[in-house]
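The residues making up each chain are set out below.
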Amino acid sequence: MEPLRPSDHHDSKRESITQPKLNAVGWLRFGWRQLTSMRTALVLLLLLAVAAIPGSLVPQRSADPNGVIRFKRNNPDLFPILDGLQLFDTYSSAWFSAIYLLLFISLIGCVIPRTLHHWRALRAAPPATPARLNRLVGFTERQAEGRLDDVLDDGERVLRRQGYRVVRYGDSISAERGYIRETGNLVFHFSLVLVLIAVGFLGGFRYYGQRVIVEGQTFTNQLTSYDSFSPGRFFDESRLDPFSIRLDEFVPVYDLDTSTGFPIALDYTAAVTIVEQGGEREEEIKVNQPVGIGSTTTYLLGNGFAPWITVRDADGTAVFSQPVPFLPQDSNLTSLGIIKVPDGLDQQVGLIGFFYPSAAQLESGALTSLFPEPDQPVVTLNAFVGDLGINDGVPRNVYALDTESLTQLTGGDSGEESIILGMGDSAQLPAGLGSVEFTSLPRFVSVEIHHDPTQAVVLVAALLALAGLLTSLFVPRRRLWVAAAARDGVVDLQYAGLSRGDDPGLEAAVSQLAQQHEQAISGRTSR
Amino acid sequence: MDNLVSLSVVAVYSAMGVYTVAFLLFTLDLAKRSTEVPQRTQAPVGASVGASAPAEALEQTELSRTELPRADSEGLGGATRFQRAAFALTILGWVLHFAAVVFRGIAAQRVPWVNLFEFGLVATAMGVGVFLLAQLWKDLRFLGAYITGFTVLSLGIVTVNYYVDVVPLPPALQSAWLVIHVLVASLATAFFALGAGLSVVQLLRYRREARAVAGLRFLDTLPGSATLESLAYRINIVGFVLWTFTLIAGAIWAERSWGRYWGWDTKEVWTFIIWTLFAGYIHARATRGWRGDRSAWLAIVGFSAIIFNYTVVNTMFTGLHSYSGLVTTPS
C-alpha cells in the first residue's frame, strides 16, 4: 500500500469489506429494522423521559394558563424564545409528539411480527428433545425401576399436572409452559397503543367548562351559561346534555390551627338540586365526591362569598340588586369584588370592593380577616365614575375594573373616606349619586363540568396493561425434557430445562421435576 | 393525643439512634471483611514457597478472585459477628420506627402518610422493612450499611426540614385512594431503593472483577456482579409493577378530585418520567450490550429521580399535588 496516495485511488486494491449496495427499498428496509430494534426503543424511551422534564419546569398553558401569563410578565425577554420552542405546550409540542409517535411506530412495528410468531407458537407442539441434554440447564440423572413406557407415562402425568403442554417423542418427553408470559407482554404493549388511539380519537369529543354559582342561583347546561369552556376538536353544541343545577346551600367546616394561626378546612359540601330529563333530585357535591349528570360529571372546585349589593339612585329606586361573587385572596377569605352600574344613575359607576368575613383592624388602620367564617362581615367600597367601556359592545372582564379612564370618588387620593358597610348597612354615594347597601351574604361555589369519553377506555386499557405486565414479568416461559434409556431392567433418566427470558427458578424446577417423577414412579409401583 | 405525638417523636429519634449504631456495626463488618480475605486464601498460596513478597500478594489477590466465597444464608461469605449484631439492632430500630408510624396514625386518627414528613417516615420504614424481609429470600445483609445509613440520613433531613404537627385531613385528601395510592407509592420507593443499592454494589463489584483494584477488598466476599445484577433486576421489576399501580391509582383519584385523570401536572409528569426510566431499564435487560454497567446506572438514575420527585418537586415546583403540609406564602 502506498501511504502517499489516497486509499480509494482508482488503481488501488480494494481492501475493505464490501458493503451491500442498497436500493431505495433496501434503505427503507434498513431504516425500518433500525427503528424497530430494541436499542432504538430504549433510546426513545430514555429520550421521552428527558423530554418530559421541561414541561415541569415552566408553567403549561393546559394546566396553568395564569402561570404562563405571569411568566410572560416577569420574563418578557425570555418568554418569546421559550414560546417559540413550544415549551409552554410541551406535551402537545412538535418535538415531544415526534418522540412518542416514533416510539409507538417502533412499538407497533415490533409487536405485530411478534404477535404472529406467538400465534404460531401457541398452536405448535413443544420441540423435539435435544440430543445432548447435559448441555442444558439443571441437568440431572436418575435411575428408576420398571418398564420404560410406564416410567415415561408417570413423567407425562407429573408434567401435565403442573400445567405443561406435553409431547412424547419416542423415548423422551418434551414439555413447555408459560405461553402467557408472551401473551401478557403483547397485551401490555397493545394496551398502550389503545390508550394512544383512545386519547387521540375520542379525546376530540371531550369538553369541560367552569361556572360560578351563587346560593339560590341555577345553572343551565348551555354553551353561553359557562364562565369558561374548553371543547375538543369534534365538539358540537347539540352534544350538551340538557340539565340544570341549583345551588341550595354551601357548608364549609373549618378549624383553627393554633400553632400557625391558619385556618384548616375540614370539609366542603355543596347541596344542589339537579333537574334533568329523568326528573329532579337532590345531591351533595364534595371535593372527592363529584356528581354524575347524564354523560357528564360535576366537580367542586372553589368557593367564596358573594355579598348582595343593592345600589339605589337619589330617589331611592333600586337600580342594581344582586349577589356579587368576590374572589378569595387568602386563606381567611379576604375577597376582592367588582360592581359595575352602567345604567340607572346619573353617571356610570364602578365600585371596587373588599370583603372581610371576620373583619378586624390592624395597627395601620387597614382591615383584615381573621377567619373564613362570617363572624363580623364587612364590605369596603371605593367608587369610581366615568366611562366603564361597556357601551361599545366589546366584552369586558367581569372581575376587573380598568380605572385608568375613571375618576376616583372615595378612598385613595380622592380626599373622601372609603365606604365601609357592615351587614345590613347602607351608605350614601358621593356626588349625590344615590346609596349603596350591603343587603345579605350568600356564598358561591365554582364547579367544573366534564365530559370525557376517553375515561372508560383508558381505564380498561390501563388495567389490561397492568395484568399483562404481571404475567410478562413473573411467569416463566420454560421447556423441560425427560430422556429415558432402558438398561437391564433399570431405566436411566435424564432431566434438563431451558428458558426463554429470565427464569431464576429453572434449575430448581428441573430438580423438583426429578424428585416428583421419582415419587410418582414409587407411588405407582407400591400400589 | 398530644402524648402519642410526642411518643412518636421520641420513637423516631430512638430509631435513628439505634440505626446509627447498626450502621456503624455494618460498616465495621465490611471493613473487617477486607482484612479477612487474604488470610483465608493463605493456605493454597503457601505451596508456592520462596516466591517474592509482591508476587505472593499478587497471587493472593488472583486466588481470592477465583475462590470467591459465595454469600449464602449463613453469611459464610466472610461476614463477621459484627453483622449479626448489626442486623439485630436493625430489627430493633425498625420496631421503634414502626411504632413511631403507628403512634402518629393513632394520634391523627387517620393513615399516617398525608404530608411530606409522614411520607418520608413511612417510606423509610418500608425501606428497612423490605430489606429485613428480603433476608428470607436471599442474604442481602451486605447492603446493611447502605440501608441503615440512607435511612438515618433521610430521617434526619425529614425530621429537621419537613416536620409538621399532626393536622386533620384537608377535604382534598379525604378519600379511600389516600390509603391505596400513597401506600403503594411508598412501597415501590422502598423496592427501588433496595434495587439501587444492589446496582451500586454491582458497579463496585464489576470494577473489582475487571481490575482487582487494591482497595475495597471486602467486595470479594460479595456475590459476583452478574448475580447482583439479576438480584437488582428482580427487585426493580416488583418496584416497577407497584409504580405502575401507583400511576393508575393516582390517575383514578385525580379524576375524582381534580376532574381529569391526566393533566400533566408536575407531579404527574415526574411519576411518568420515573415510570419511563424504569421501562427503559427493563428494555435494557433485553437489549444486546445494555446489561452490566449501563443497566446499573439506569437503576441508579431512576432512583435519583424518585428522590428528586419526593424532595424538589414537592417543595419547589408549583402544582395541584402540593400536599407537603409545609407553610408556604400564598401565591
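Conventions used here
- Residues numbered from 1 in each chain as written.
- Chains lettered and ligands numbered in written order.
- Predicted model: local features only at pLDDT ≥ 70, side-chain atom pairs only at ≥ 80, totals over all residues.
- Helix = DSSP H or I, 4+ residues; strand = E, 2+ residues; numbered from the N terminus.
- Rg over C-alpha atoms; globule rule 2.2 N^0.38 Å.
- Buried ≥ 20, exposed ≤ 12 C-beta atoms within 10 Å, placed from the backbone.
- Contact = placed C-beta atoms within 7 Å.
- Expected span 1.5 Å × (residues − 1).
- Pairing = 2+ DSSP bridges.
- Axes fitted to C-alpha atoms, helices over the stretch in contact; angles between N-to-C directions.
- Domains from an automatic or database assignment.
- Nonpolar A, V, L, I, M, F, W, Y, C, P; charged D, E, K, R; others polar.
- Left-handed = near helix turned anticlockwise from the far one by under 90°.
- UniProt positions renumbered as here; feature names shortened; annotations may be inferred.

Some details on the overall build of chain A
Then comes step 1: Counting its regular elements, chain A contains ten helices and 26 strands.
Then comes step 2: A globule of 527 residues ought to have a C-alpha radius of gyration of about 24 Å, yet chain A, at 38 Å, is considerably larger.
Then comes step 3: Scored against the burial criterion, the 527 residues of chain A give a buried share of 32%.
Then comes step 4: Considering only contacts within chain A whose residues lie at least 6 apart along the sequence, 63% involve residues at least 24 apart.

Things to note about the overall build of chain B
Then comes step 1: Along the backbone of chain B there are ten helices and zero strands.
Then comes step 2: For chain B, the sequential pattern of α-helices and β-strands runs α-α-α-α-α-α-α-α-α-α.
Then comes step 3: The long-range fraction of contacts in chain B, counting pairs at least 24 apart against all pairs at least 6 apart in sequence, stands at 79%.

Digging into helix H8 (residues 225–258) of chain B
Side chains three or four residues apart in an α-helix point the same way, a direct result of the helix having 3.6 residues per turn.
Then comes step 1: For H8(B), which comprises 34 residues, the first-to-last C-alpha distance of 46 Å matches the rise-based estimate of 50 Å (1.5 Å per residue) to within 8%.
Then comes step 2: Count one or two residues on from H8(B) and you reach B:Gly259, which has phi positive near 95 degrees.

Points about the sheet that holds strand S7 (residues 243–256) of chain A
All names here are of chain A.
Then comes step 1: Pairing in this open sheet of four strands is antiparallel, and the strands run S5-S7-S8-S9 from one edge to the other. If you trace the sheet from one side to the other, it starts and ends with strand S5 (218–220) and strand S9 (279–286), each paired once. Neighbour-to-neighbour, the strand axes of this sheet turn through a mean angle of 25 degrees, independent of strand direction.
Then comes step 2: Bridge count between S7 and strand S8 (residues 263–276): 13 bridges; the pairing is antiparallel. Its bridge partner lying in S8, Val 253 is registered against Asp 267.

What about the domain arrangement of chain A?
Then comes step 1: Per the domain assignment, the segments making up chain A are domain 1 (24–113), domain 2 (125–177 + 479–526), domain 3 (203–305 + 446–463) and domain 4 (308–441).
Then comes step 2: The straight-line distance from the C-alpha centre of domain 1 of chain A to that of domain 4 of chain A is 48 Å.

Regarding the pairing of strand S21 (residues 419–422) of chain A
All names here are of chain A.
Then comes step 1: Where burial is concerned, the two faces of S21 differ: the one with Ile 419 and Leu 421 is buried and the one with Ile 420 and Gly 422 is not.
Then comes step 2: Here four bridges tie strand S19 (residues 378–385) to S21, and the two strands are oriented antiparallel to one another. In the strand pairing of S21, Leu 381 is matched with Ile 419.

Focus on the sheet that holds strand S4 (residues 207–214) of chain A
All names here are of chain A.
Then comes step 1: Pairing is antiparallel in the open sheet, where five strands are placed in the order S6-S4-S24-S11-S10. Either end of the sheet is taken by a strand with one partner, and the two such strands are strand S6 (228–231) and strand S10 (291–293). Taking each pair of neighbouring strands and ignoring which way they run, the sheet shows an average axis angle of 25 degrees.
Then comes step 2: The sheet contact formed by strand S11 (residues 296–305) and strand S24 (residues 443–451) spans eight bridges and is antiparallel. By the bridge assignment for S24, Thr 298 is matched with Ile 449.

Topic: the interface of chain A and chain B
Then comes step 1: Listed as interface residues are 44 residues of chain A and, on the opposing side, 41 residues of chain B.
Then comes step 2: Secondary-structure elements contributing two or more residues to the side of chain A that touches chain B are helix H2 (38–51), helix H3 (54–57), S8, S24 and helix H9 (454–474) of chain A.
Then comes step 3: Top element by residues in the side of chain A that touches chain B is H2(A). It accounts for eight residues.
Then comes step 4: Looking at the side of chain A that touches chain B, its residues break down into 26 nonpolar, ten polar and eight charged.

Regarding the packing of H8(B) against helix H9 (residues 266–285) of chain B
Residues and elements named next belong to chain B.
Then comes step 1: For the pair H8 and H9, interaxial distance at closest approach is 10 Å and the crossing angle is 145 degrees. Seen along the crossing, H8 lies across H9 with a hand that is left-handed. Contacts between H8 and H9 involve Tyr 233, Asn 236, Ile 237, Phe 240, Trp 243, Thr 244, Leu 247 and Gly 250 from the former and Thr 271, Ile 274, Trp 275, Phe 278, Tyr 281, Ile 282 and Arg 285 from the latter.

Observations concerning the environment of A:Val212
Residues and elements named next belong to chain A.
Then comes step 1: With respect to the helices and strands, Val 212 occurs in strand S4.
Then comes step 2: Here Val 212 falls in the buried class, since 21 other C-beta atoms lie within 10 Å of it.
Then comes step 3: Separated by 131 residues in sequence, Val 212 and Ile 81 place their C-alpha atoms 36 Å apart.
Then comes step 4: Excluding residues within four positions of it along the chain, Val 212 makes contact with Asp 227, Pro 325, Phe 444 and Ser 446.

Regarding the UniProt feature "transmembrane region" (unreviewed entry) in chain B
Residues and elements named next belong to chain B.
Then comes step 1: The positions that UniProt labels "transmembrane region" (unreviewed entry) are, in the present scheme, residues 6–26, 86–107, 113–136, 143–164, 176–201, 235–254, 269–284 and 296–317.
Then comes step 2: Taken as a whole, residues 86–107 contains 100% helix and 0% strand, while its terminal C-alpha atoms sit 31 Å from one another.
Then comes step 3: This span, residues 143–164, is 82% helix and 0% strand, and a straight line between its end C-alpha atoms measures 31 Å.

Points about the packing of helix H4 (residues 81–108) of chain B against helix H5 (residues 116–134) of chain B
Residues and elements named next belong to chain B.
Then comes step 1: Where H4 contacts H5, the axes come no closer than 10 Å and their chain directions differ by 145 degrees. Read as a crossing pair, H4 and H5 show a hand that is left-handed. Along its contact with H4, which presents Thr 90, Ile 91, Trp 94, His 97, Phe 98, Ala 100, Val 101 and Arg 104, the element H5 presents Glu 118, Leu 121, Val 122, Ala 125, Val 128, Gly 129 and Leu 132.

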